[in-house]
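Notes for the structure review
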Amino acid sequence: MQVTAKSSKAELEAFFNSPEIHQHKLIICDIGRRLWEREYVDGNGGNIAIRVRDDIVLCTPTLISKGS
């Protein structure tokens with residue numbers, strides 16, 4: 001079964017803790033760190049997102065430094 005935004009809480013939690021999604025999280029962190037190091041963004045401004053399914057997106061949290 002494909003996980004969607006309408007999947008059960010347990011299925012979504014398992015999906016967000018899967019190795020596949022962990023790799024996406026590492027990519028987001030790497031991109032944020034690079035943007036911050038090059039001074040393209042201030043520490044807390046904006047968000048970075050990756051669409052992982054048609055209706056599911058990973059996004060950086062609000063007010064968290066992109067440098068960390």
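Residues numbered from 1 in each chain as written. Predicted model: local features only at pLDDT ≥ 70, side-chain atom pairs only at ≥ 80, totals over all residues. Heavy atoms only, no water.

**A closer look at the nonpolar core**
What counts, and what does not: Here the nonpolar core consists of buried residues drawn from Ala, Val, Leu, Ile, Met, Phe, Trp, Tyr and Cys, with membership extended through side-chain atoms lying within 4.5 Å. The classification of residues rests on relative accessible area computed with a 1.4 Å probe and restricted to protein chains. Under 20% of the type maximum is buried, over 50% is exposed, and intermediate values are partly exposed. Numbering of helices and strands starts at the N terminus; helices are DSSP runs of H or I of at least 4 residues and strands are runs of E of at least 2. By definition, residues are in contact when any of their heavy atoms lie within 4.5 Å.
If you look at the biggest cluster of nonpolar residues, it comprises ten residues: Val 3, Leu 12, Phe 15, Ile 21, Ile 28, Ile 48, Ile 50, Val 52, Ile 56 and Leu 58. Elements supplying a minimum of two residues to this core: helix H1 (9–16), helix H2 (19–37), strand S1 (49–53) and strand S2 (56–59). Excluding residues that lie within four positions of it along the chain, Ile 21 makes contacts with Phe 15, Phe 16, Val 52 and Leu 58.

**Here we look at the state of the cysteines**
Note the cut-off: Counting rule for disulfides: a pair of cysteine sulfur atoms within 2.5 Å.
One pass over the structure, following the stated rule, counts zero disulfides. Of all cysteine sulfurs, the one in Cys 59 lies closest to Cys 29, which takes part in no disulfide; the gap is 12 Å.

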